[in-house]
Amino acid sequence: MNLAAQTHGFLSPTGVEIAFLLVGLATFGAALVTVTTKQLVHAALWLVVTLGGLAVEYLLLTAEFIAWVQVLIYVGSVVVLLLFGLMLTKAPIGRSPDADSPNRWAALAVAVVAAAALVWVVADAFRTTWIDLDGTAAGTTRVTGEYLFRNWVLPFEALSVLLLAALVGAIVLSRKAKADAAGPPGRTATTPTPADGGGDRAPTPGDSDRAPTPGDSDRAPTPGDSDRTPAPGGGDRTTTPRGGDRSAEEGAR
Amino acid sequence: MNDVADVALRLLIVFVVFLAFPLIVGQTEHKVMAHMQGRLGPMYAGGFHGWAQLVADGVKFAQKEDVVPAGADRRVFQLAPAVALLPYLLVLLVIPIGPGEGAVGQVIDAGVFFVLAVMGVGVLGALMAGWASANKFSLLGGLRTAAQLLAYELPMLLAAASVAMAAGTVSLPGILDAFHWWWLPWQIVGAVVFFVAGLAELQRPPFDMPVADSEIIFGAYTEYTGLRFALFLLAEYAGIVVLCGLTTVLFLGGWHGPWGADGLGWVWTLLKTAVLAFVVIWLRVTYPRLREDQLQKLSWTLLVPLALAQIALTGIVKVVIS
């Protein structure tokens, strides 16, 4: 902060600026590897490096609060969600031959245009903004909070309503999918009656989903092996037959 | 020069604490569990009541061969223990044990956010280990870890947010400066939610579904041997220290005590942390393992609503007293 406030020439950058540039290069490199690697899970892990590098950049810009929120939300939650999805569906060790998309040039074009638009908008919006470097650092939690809740309350609230809408939408979608799954008379529709009637755990349908996991599916790295997904267990868990038993158990606890 | 020496000394102290406290908790766990189960526990290593058992374990781990399975993703497999362990070291750096600048490794402005963010990173280590081992049990463990983290991160954050609201700051020393004794009943629900969610994030019993040794053979750590396995174990116990320290600082008033707050504040912090660590061990001995669906249900239908209710209560009281 103090270093950055001192006047200096164009070709005599401060240590903070050098660090910013180097971290930026490393982040950019990690981002490139993220989109070019042929190994799915490695891409997710390089994404962690990229997002962490961004957090370091925020730190170097004295935006401490944003930096930690970046780590908390993106590294701690979004990437974990991503990895969870990968592991649940397809996470072969080694290269995935189908990791390349034929759309990659279109994707590159979209990415470049989006980046250009962002840079242009941000640079244009803040070109004449005067930032006072002598007071408390502009990125501390207190300053950010005051700024957010004094000047930008309305956008903040609008965003939270948007998030709430997304949340409600997700719940509606998941409930609808559940209703559809339970609707057609399939394998699950036949099981409820015995378990509901007697509550006995002897019949096989109830027990088959008790040990859904290891089975005989080996974790072969072939991308097309579909029997590794624990879908049968996952599908049955939410249906009625064992739900009755479960709530009874929990009532007893 | 003086600054450099000061920083070096702080780092050294934090590092020593980081190495020593998890071992102390581990040894306590051996003995407490043993006595609760009517056994004696380790009695021979080191002579006096087996105090050196974990040192002997460490020597044993160091002697073992470091095996990487043939089908594993080598680099990720080897990197995972470091990713699991180092975040707890970083968190330990910012936990204040006494009043003033002298009793905390480094004061961070957004301390609560830093702590929760970095603790979340630690779980990535278990995910990496679970995936890279090329073992179906490990993968199941990794999956369960991820599901558990996603479920319990939210109540933990909300409970911490409640305290931050009460104190009007997110700095850990700032929260303790603002602490009054009546915060204890006021925030008790948040404290329980935070502690339980933290236990789940550490995968301690009764939330040890991801490592359930009797069904998926220690989950993500199945393929690990030697020092790397020891590092995972160390991460678990360092996690206990960090969780108990954080609960102490956020909810139990840290260095505040009925008497002797000046000078002896750090004793209070350590005492409360130790009591909480004992509770962690006690829970392990007491409760059976929760099933996966019970885990999810506990989080989403009990802890999250409780945490939200705590936030509402905090807001109401805050408005009333201001």
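Residues numbered from 1 in each chain as written. Chains lettered and ligands numbered in written order. Predicted model: local features only at pLDDT ≥ 70, side-chain atom pairs only at ≥ 80, totals over all residues.

Observations concerning unusual backbone geometry
All names here are of chain B.
Inference 1: Across the junction of Pro205 and Pro206, the peptide omega takes the value 5°, indicating a cis bond.
Inference 2: Turning to its location among the elements, Pro206 is positioned in the loop between helix H8 (188-202) and helix H9 (213-216).
Inference 3: Even without glycine at this site, His49 takes up a positive phi of about 50°.
Inference 4: As for its placement among the helices and strands, His49 is situated in the loop between helix H1 (2-36) and helix H2 (53-63).
Inference 5: A positive phi angle is found at Ala134, which is not glycine, with a value near 55°.
Inference 6: Among the secondary structure elements, Ala134 is positioned in the loop between helix H4 (111-132) and helix H5 (136-167).
Inference 7: The exposure class of Ala134 is buried, given the 21 C-beta atoms found within 10 Å. (Helix = DSSP H or I, 4+ residues; strand = E, 2+ residues; numbered from the N terminus. Buried ≥ 20, exposed ≤ 12 C-beta atoms within 10 Å, placed from the backbone.)

Considerations on H8(B)
Residues and elements named next belong to chain B.
Inference 1: Look at H8: 21 Å from first C-alpha to last across 15 residues, which is about the 21 Å you get at 1.5 Å a residue.
Inference 2: For H8, the buried fraction is high: 12 of the 15 residues fall into the buried class.
Inference 3: Gly190, Ala191, Val193, Phe194, Phe195, Val196, Ala197, Gly198, Leu199, Ala200, Glu201 and Leu202 are the residues of H8 that are buried.
Inference 4: Where H8 terminates, the next one or two residues include Gln203, which has phi positive at roughly 60°. (Expected span 1.5 Å × (residues − 1).)

Things to note about the interface of chain B and chain A
When the parts of a complex come together, some accessible area is lost, and that lost area is often taken as the interface size.
Inference 1: Taken residue by residue, the interface counts 32 residues in chain B and 29 residues in chain A.
Inference 2: Breaking the side of chain B that touches chain A down by element, the ones donating at least two residues are H4, H5 and helix H12 (292-321) of chain B.
Inference 3: Ranked by the residues each element gives to the side of chain B that touches chain A, the list is headed by H4(B), at 12 residues.
Inference 4: Looking at the side of chain B that touches chain A residue by residue, the classes come out as 22 nonpolar, 5 polar and 5 charged. (Contact = placed C-beta atoms within 7 Å. Nonpolar A, V, L, I, M, F, W, Y, C, P; charged D, E, K, R; others polar.)

Focus: the packing of H5(B) against H8(B)
Residues and elements named next belong to chain B.
Inference 1: Contact pair H5 / H8: the axes reach a minimum separation of 8 Å and the direction vectors enclose 150°. With respect to each other, H5 and H8 are oriented roughly antiparallel. H5 and H8 meet at a crossing whose hand is left-handed. Seen from H5, the contacting residues are Gln148, Leu149, Tyr152, Pro155, Met156, Ala159, Ala160, Ser162 and Val163; seen from H8, they are Gly190, Val193, Phe194, Ala197, Gly198, Ala200 and Glu201. (Axes fitted to C-alpha atoms, helices over the stretch in contact; angles between N-to-C directions. Parallel < 35°, antiparallel > 145°, perpendicular 65-115°, else oblique. Left-handed = near helix turned anticlockwise from the far one by under 90°.)

Regarding the nonpolar core
Soluble globular proteins: nonpolar side chains tend toward being buried together.
Residue and element names in this part refer to chain B.
Inference 1: Among the nonpolar cores identified, the biggest contains 132 residues, and Val91, Phe113, Leu116, Met128, Ala160 and Phe194 are the most heavily contacted of them.
Inference 2: Counting residues per element, this core draws most heavily on H5, which supplies 18 residues.
Inference 3: With residues near it in sequence (within four places) discarded, Phe194 still touches Met156, Ala159, Ala160, Thr247, Leu250 and Phe251. (Core = buried A, V, L, I, M, F, W, Y, C linked by C-beta atoms within 7 Å.)

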